[in-house]
Amino acid sequence: MKRRTLMQSGVALAGALLGGAVIAQQWPSKPVTIVVPFGAGGGTTDPLARMLAEELGKMLGGTFVVENKPGANGNIGAAYVKGAAPDGHVVLFTGAGTMATNLALYKNLPFHPQKDFEPVIVVGNVPNILVVHPSIPVNNVKEFVEYVKKNPGANFGTTGNGSSMHTAAELFRQSTQTTMTHVPFNGAGPATTSLLSGEVPIMFQLVPGIATHVKANKVKALAVMAPKRSVALPDVPTMAEAGFPKIESTTWLCFAAPKGTPKAVVDRLNGAVNKILAQPAFRERLAGMGVEPMGGTPAEFAAFLDAEIKKWGEVVRGAGVVIE
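Conventions used here
Residues numbered from 1 in each chain as written. Predicted model: local features only at pLDDT ≥ 70, side-chain atom pairs only at ≥ 80, totals over all residues. Heavy atoms only, no water. Helix = DSSP H or I, 4+ residues; strand = E, 2+ residues; numbered from the N terminus. Rg over C-alpha atoms; globule rule 2.2 N^0.38 Å. Buried < 20%, exposed > 50% of the residue type's maximum accessible area, 1.4 Å probe, protein only. Contact = heavy atoms within 4.5 Å. Core = buried A, V, L, I, M, F, W, Y, C linked by side-chain atoms within 4.5 Å. Phe/Tyr/Trp six-rings, centres within 6.5 Å; stacked < 30°, edge-to-face > 60°. Lys NZ or Arg CZ within 6 Å of the ring centre and 35° of its normal. Axes fitted to C-alpha atoms, helices over the stretch in contact; angles between N-to-C directions. Parallel < 35°, antiparallel > 145°, perpendicular 65-115°, else oblique. Nonpolar A, V, L, I, M, F, W, Y, C, P; charged D, E, K, R; others polar. 1 Å grid on protein atoms, 1.4 Å probe; cavity = no way out; pocket = protein on both sides within 12 Å on 5 of 7 lines; lining within 4 Å. Points joined across faces, edges and corners; volume = space filled by probe spheres on them.

Bringing the overall build of the protein chain into the picture now. If you tally the helices and strands in the protein chain, you get 11 helices and 10 strands. Computed over C-alpha atoms, the radius of gyration of the protein chain comes to 22 Å, within 12% of the 20 Å expected from 2.2 N^0.38 for 324 residues, which places it in the range of a compact globule. Based on the C-alpha atoms only, the size of the protein chain along its principal axes is roughly 80 × 40 × 35 Å. Burial statistics for the protein chain: of 324 residues in total, 49% are counted as buried. Nonlocal contacts in the protein chain, meaning residues at least 24 apart in sequence, comprise 78% of its contacts between residues at least 6 apart.

Right, let's get into the nonpolar core. By size, the foremost hydrophobic cluster in this structure holds 49 residues, and its most contacted members are Val141, Phe144, Phe172, Phe204, Met239 and Trp252. Setting aside anything within four residues of it in sequence, one finds Phe144 in contact with Leu130, Val132, Val138, Phe172, Met180, Ile202 and Leu222. If you look at the next biggest cluster of nonpolar residues, it comprises 34 residues, including Phe64, Ile121, Val126 and Val273.

Another aspect to go through is the packing of aromatic side chains. In the structure shown here, the tally under the stated rule is eight aromatic pairs. Measuring from ring centre to ring centre gives 5.9 Å for Phe111 and Phe117, while their planes differ by 80°; the resulting arrangement is edge-to-face. On the basis of relative accessible area, Phe117 is assigned to the buried category, the value being 1%. Counting every residue linked through ring pairs, the aromatic cluster contains Phe144, Phe156, Phe172 and Phe204. For Lys69, the ring lying beneath its charged end belongs to Tyr80, and the centroid distance is 4.3 Å.

A packed helix pair is summarised by two numbers, namely the angle formed by the two axes and the spacing between the axes. Interaxial distance between helix α6 (residues 164–176) and helix α11 (residues 298–319) falls to 9 Å at its minimum, and their mutual angle equals 80°. Taken together, α6 and α11 sit at an angle that is classed as roughly perpendicular. Contacts between α6 and α11 involve Thr167, Ala168, Glu170, Leu171, Arg173 and Gln174 from the former and Lys311, Trp312, Glu314, Val315, Val316, Gly318 and Ala319 from the latter. Looking at the contact of α6 with α11 residue by residue, the classes come out as six nonpolar, three polar and four charged.

Further remarks concern empty space enclosed by the protein. Taken as a whole and judged by the stated rule, the model has one cavity of 30 Å³ or more. Volume-wise, the largest cavity comes out at about 40 Å³. Lining the largest cavity, in full, are Leu105, Gly162, His166, Thr167, Glu170, Val315, Val316, Ala319 and Val321. Elements supplying a minimum of two residues to the lining of the largest cavity: α6 and α11.

Put into structure tokens, the structure is as follows:
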């Protein structure tokens, strides 16, 4: 009897594995919609999603289309994907704000990043960078900390409450025990214009949005908030090199699927993206966008997401920022 039970268990396991392989081979059986919860054309998320859609179509032999569902800092698009059929034909391509920060930022989030999604892969990251107007008499991070302590309440500009620029600044402020005044703008354009004019002389921008102005010496770049230097600005030190190893802030970009999506499908999409990220030509395109490729397994993404939710939750709560 015991032997029969073991045999039955073995048959069931073999059947499940075979079924998973069949599902993976059949996917995609129809066009795959990659939902980007932000507007078309702007920033890094949408252009990168379209690059990946094109490459995935070539590699997997299906049709991958990008659909923009902007609003509420990524929440509308994420909630839409949460409610989609868990068959791998609707997936989410979004960033750290949607998947890590919003859980602490919003009182009534219409989804849960860990409970409502299957982690697929972290594609890459875009680091924040501390930049100041030339009128600020500092040349490195230690001098900047001293300056802010002597000038408490110094203004820094961002793209709004809870944005990556805001949370990066809050992480810096809490880590250095300094006081700065948040000046939110309606978008990166107005915030950067204010920085260039010196009206709001401090910013924790994203590298792609400020690299040109750094190279033109219109602003001073003090440190990149990433584990290693940016290929876009190789002469700018990291925060660790500047003496502040715990201050890291990057806007990472990822694929996630509705909870319950078959593991075989998740693994196939993960494998395809990893292969794309290994292509020298694609990595060169990423470098041109200021994106550092990442990759890895779904399990690694899950562990990374746990850590990021914990980290940014503490930062948001420490800042006392809540959006209704």
